[in-house]
Amino acid sequence: MRERIKVVLDSNEILFGLSSGKPYPKVIIDNLNALGKIHDFFINGQIFEEVSRNLPFGSKEKFRRLVGLGILKLSDSKIGKGIIAKYERLGLKKGDIAIAAFADRINAQFLLSENRHFLKEVKIRKFKILTAEQFFSKIAEIS
């Protein structure tokens, strides 16, 4: 049996997917249940709080349902100072450090983000940083 692929969703993927209608983040959010058959999608407390704070009222219920049903897995995995320091040394911004360290800590294969800082300036070997569109290209390669 094939090992399930772990994917961390940055807050912008969820926000865009639930409220802005950007095509690829929306497709991911709308199809999390089906995609969850071979992938595990994770967020941490920081992402949960940021999304909850910034979503329009009408979208908050769908987000909470995705988390409540375990389709989006909310992890409270503790992150050690060594992992955080590793991403500080790479020059990430404060919020991005925590998300990258979280992806590292749970041994994610992918971190999905529309954040250009993550995507263009930082080279991380532990996991791949992709946009939602790039992720769909990868799905075709690995599924």
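Up top is the structure.
Q: Can you explain the packing of aromatic side chains? Please cite residues and give values.
A: Considering all chains together, one arrives at six aromatic pairs under this definition. Here the aromatic rings of F135 and F136 are separated by 6.4 Å at their centres, their planes lie at 65 degrees, and the arrangement is edge-to-face. Exposure remark for F135: the relative accessible area of 0% places this residue in the buried category. On the accessibility criterion, F136 (24% relative accessible area) is partly exposed. The structure contains a cluster of three or more aromatic residues connected by ring pairs, namely Y24, F41, F110, F135 and F136. Its guanidinium or amino end placed over the ring of F16, K22 lies 4.3 Å from that ring's centre, counting from NZ or CZ.

Q: I'd like a description of the pairing of strand β2 (residues 39-44), backed by residues and values.
A: Burial within β2 is extensive, with six of its six residues counted as buried. When β2 meets strand β3 (residues 72-75), the two strands line up parallel, connected through four bridges. Along β3, the bridge assignment pairs F42 with K73.

Q: How would you explain helix α1 (residues 11-20) if you had to name every residue and give the values?
A: Owing to its 3.6 residues per turn, the α-helix aligns residues three or four sequence positions apart on the same side. In terms of burial, α1 is largely enclosed, as seven of its ten residues are buried. Of the residues making up α1, those classed as buried are S11, N12, E13, I14, L15, G17 and L18.

Q: Before we move on, can you summarise the nonpolar core with the specific residues and values?
A: With 43 residues, the main nonpolar core has V8, L9, I14, F63 and L72 as its most contacted residues. In terms of residue count, helix α7 (residues 94-105) provides more of this core than any other element does, six residues in total.

Q: Before we move on, can you summarise the packing of α1 against helix α5 (residues 57-68) with the specific residues and values?
A: Two packed helices can be described by the angle between their axes and the distance between those axes. The N-to-C vectors of α1 and α5 enclose an angle of 125 degrees; their axes lie 10 Å apart at closest approach. As the angle between them shows, α1 and α5 are arranged oblique. In this structure, the crossing between α1 and α5 has a hand that is right-handed. Across from I14, L18 and S19 in α1, the residues of α5 making contact are S59, K62 and F63. Looking at side-chain class alone, the contact of α1 with α5 contains three nonpolar, two polar and one charged residues.

Q: Explain the sheet that holds strand β1 (residues 5-9) to me, using residue names and the numbers behind them.
A: Sheet strands pair by backbone hydrogen bonding; their relative direction is either parallel or antiparallel. Taken in spatial order, the five strands line up as β3-β2-β1-β4-β5 in an open sheet, and their pairing is parallel. Looking at the sheet topology across the chains shown, the edges are occupied by β3 and β5 (128-130). Adjacent strand axes in the sheet meet at a mean angle of 30 degrees, parallel and antiparallel pairs treated alike. Against the sheet, helix α4 (residues 45-54) makes contact with β1, β2 and β3, and its axis sits at roughly 75 degrees relative to β2, the strand it touches most. Sitting on the sheet, α7 is in contact with β1, β2, β3 and β4 (110-112), with an inclination near 140 degrees to β2.

Basis of the calculations
Residues numbered from 1 in each chain as written. Predicted model: local features only at pLDDT ≥ 70, side-chain atom pairs only at ≥ 80, totals over all residues. Heavy atoms only, no water. Phe/Tyr/Trp six-rings, centres within 6.5 Å; stacked < 30°, edge-to-face > 60°. Buried < 20%, exposed > 50% of the residue type's maximum accessible area, 1.4 Å probe, protein only. Lys NZ or Arg CZ within 6 Å of the ring centre and 35° of its normal. Helix = DSSP H or I, 4+ residues; strand = E, 2+ residues; numbered from the N terminus. Pairing = 2+ DSSP bridges. Core = buried A, V, L, I, M, F, W, Y, C linked by side-chain atoms within 4.5 Å. Axes fitted to C-alpha atoms, helices over the stretch in contact; angles between N-to-C directions. Parallel < 35°, antiparallel > 145°, perpendicular 65-115°, else oblique. Left-handed = near helix turned anticlockwise from the far one by under 90°. Contact = heavy atoms within 4.5 Å. Nonpolar A, V, L, I, M, F, W, Y, C, P; charged D, E, K, R; others polar.

These figures come from the coordinates and say nothing about function on their own.
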